[in-house]
Amino acid sequence: MLSIQSKLRYLFMFLGVQLVVMALLSREGYQKRVTYFIRIFRKSEGAGHNLSVSGSDVYANLSVLSRAPPSSEVMTYCPQTSPYIRGPIHVSFPSGLTLAQVQRKNPLVVRGGRYRPPDCESRHRTAIIIPHRNREHHLKFLLYYIHPFLQRQQLNYGIYIIHQAGNYTFNRAKLMNVGFREAMRDEDWDCLFFHDVDLIPEDDRNTYVCDANPKHAAIAMDKFGYKLPYNLYFGGVSALTPLHYLKMNGFPNNYWGWGGEDDDIGVRVSLGGMHITRPSVKVGRYKMIKHKLDKGNDINPKRFNMLSKTRQSWKLDGMNTAEYEIISRKYLPLYTNITVEIGTEAGLHTPPAAAQPAPPDSAKPDQKQLKS
Ligand code: BGN
């Protein structure tokens, strides 16, 4: 028989252990693990019920799609609202993900990263334009999430990666101009989504279709506490029809390095006689993949001065003056990869033999001089 004293000792030890466990569980890392286990035990995902706060697996209901009967005679239009939309999506970045895995999980995506619903005629044709350099790791995660996300929305879509050749300072907006023109060569897209590679949408009610006015989709990013950082913010993810794009003469070509180009684009929207629309903060949520400022994308010190002149410059610099040279165009299984030479601030330096493009990573001597 245990004495009262030792019974009390065991009781305190037990309570102590509970306290430690609770303290550990309340730390963020453990919270995630607990949510993970709760999700495993929850069977109702994808059944159209209310979802947990952390969201559902973006692939939860895709198997239904791949089992959809092949179209018979005439295809009817998809419904106005896709029945596969579920709301919040759980976004995490597990290590070890490979492109081959992403490919296996998206059996209906075809060459060039193209997709159309198997069981109905989509009401929308959307191209996703992603400026890129040295972010393969982010790209893998974006592809993992964006493909099923767009399939849930029953879109006819294509993914374009616009890869800046060479090592000269990055130019996000000019790459978007390239993406616009090159994507439109492929297909009569009715909407273009200009998308940062490190932003993952967290709610599939944020539909990737265009509005009557240019749409800023990334209204609520985790890095800004899921709030709009300032009213005119137009960065991250935006959506324009070809007509919107041409009305504002596309995007500026002369913002080299980080910052300001998205503000310029925002100003162009109103200079083109339009206004910015946005989804609700509840729906336009994005998780950013954490990273440091890239090499070759230093903060642009000229951006303040340039921004103050947008009103004078927008018609003189934009889609009508975008000069570039396509180095390669590859229709890969999960995306179309367009590698492009966009030159430097001094202009586009045509390689000596235009027919034999230089390898993408060869920085030309005059570019190096300009950079230092
Ligand atoms: C702003 C940047 C944007 C950037 C957002 C969010 C400028 C111009 C200075 C007036 N704009 O400050 O380019 O997307 O922050 O990080 O730097």
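Residues numbered from 1 in each chain as written. Predicted model: local features only at pLDDT ≥ 70, side-chain atom pairs only at ≥ 80, totals over all residues.

1. Some points on the overall build of the protein
Counting its secondary structure elements, the protein contains eleven helices and eleven strands. Counting every position in the protein, which comprises 372 residues, the buried fraction comes to 39%. By sequence separation, contacts in the protein at least 24 residues apart represent 82% of the contacts at least 6 residues apart. (Helix = DSSP H or I, 4+ residues; strand = E, 2+ residues; numbered from the N terminus. Buried ≥ 20, exposed ≤ 12 C-beta atoms within 10 Å, placed from the backbone. Contact = placed C-beta atoms within 7 Å.)

2. A few points about the pairing of strand β2 (residues 125–132)
Along β2, seven of the eight residues are buried, which leaves the element largely enclosed by surrounding structure. The sheet contact formed by β2 and strand β4 (residues 191–195) spans four bridges and is parallel. Bridge pairing links Thr126 to Cys191 in β4. (Pairing = 2+ DSSP bridges.)

3. Some remarks on the site of the ligand
The local shell around the ligand consists of Pro229, Gly235, Gly259, Gly260, Asp262, Asp263, Arg303, Phe304 and Leu307. Within the residue set of the shell around the ligand, elements represented by two or more residues are α8 (261–271) and α9 (303–307). Sort the elements by how many residues they give to the shell around the ligand and α9 lands first, with three residues. Split into classes, the residues belonging to the shell around the ligand amount to three nonpolar, three polar and three charged. (Near = placed C-beta within 6 Å. Nonpolar A, V, L, I, M, F, W, Y, C, P; charged D, E, K, R; others polar.)

4. Overview of the environment of Asn249
With respect to the secondary-structure elements, Asn249 resides in the loop between α7 (242–247) and α8. In this structure the C-alpha to C-alpha distance between Asn249 and Leu271, which are 22 residues apart in sequence, comes to 9.9 Å. Aside from chain neighbours lying at most four places away, what touches Asn249 is Trp314, Lys315, Gly318, Met319 and Asn320.

5. Notes on unusual backbone geometry
Positive phi, normally seen in glycine, also occurs at Gln154, with a value near 55°. Mapped onto the fold, Gln154 is located in the loop between α5 (136–152) and β3 (156–164). Overall, Gln154 belongs to the buried group, with 26 C-beta atoms counted inside 10 Å. Even without being glycine, Tyr226 reaches a positive phi, approximately 55°. Take Tyr226: it is sitting in the loop between β7 (220–221) and β8 (237–240). Residue classification places Tyr226 among the partly exposed positions, given that 16 C-beta atoms sit within 10 Å.

6. A word on the nonpolar core
By size, the foremost hydrophobic cluster in this structure holds 66 residues, and its most contacted members are Ile128, Ile129, Tyr145, Tyr160, Ile162, Leu192 and Phe193. The greatest single-element share of this core, amounting to nine residues, is contributed by α5. Dropping the residues within four chain positions of it, Tyr160 is found in contact with Ala127, Ile128, Ile129, Ile130, Gly179, Glu182, Ala183, Tyr335, Thr336 and Ile338. (Core = buried A, V, L, I, M, F, W, Y, C linked by C-beta atoms within 7 Å.)

7. Focus on the environment of Glu325
Here Glu325 shows up in strand β10 (residues 325–331). Glu325 sits in the partly exposed class, given 18 other C-beta atoms within 10 Å. In this structure the C-alpha to C-alpha distance between Glu325 and His349, which are 24 residues apart in sequence, comes to 9.4 Å.

8. Brief notes about the pairing of β4
Counting buried positions along β4 yields five of five residues, so the element is predominantly enclosed. Burial of the side chains of β4 extends over both faces: Cys191, Phe193 and His195 are buried on one face and Leu192 and Phe194 on the other. Note that β4 and β8 share four bridges and pair antiparallel. In the strand pairing of β8, Phe194 is matched with Ser238.

9. Structural notes on the sheet that holds β7
Pairing between sheet strands relies on hydrogen bonds along the backbone, with the strands arranged either parallel or antiparallel. Pairing is mixed in the open sheet, where three strands are placed in the order β5-β9-β7. Both outer strands of the open sheet, β5 (199–201) and β7, are each paired with one neighbouring strand and no more.

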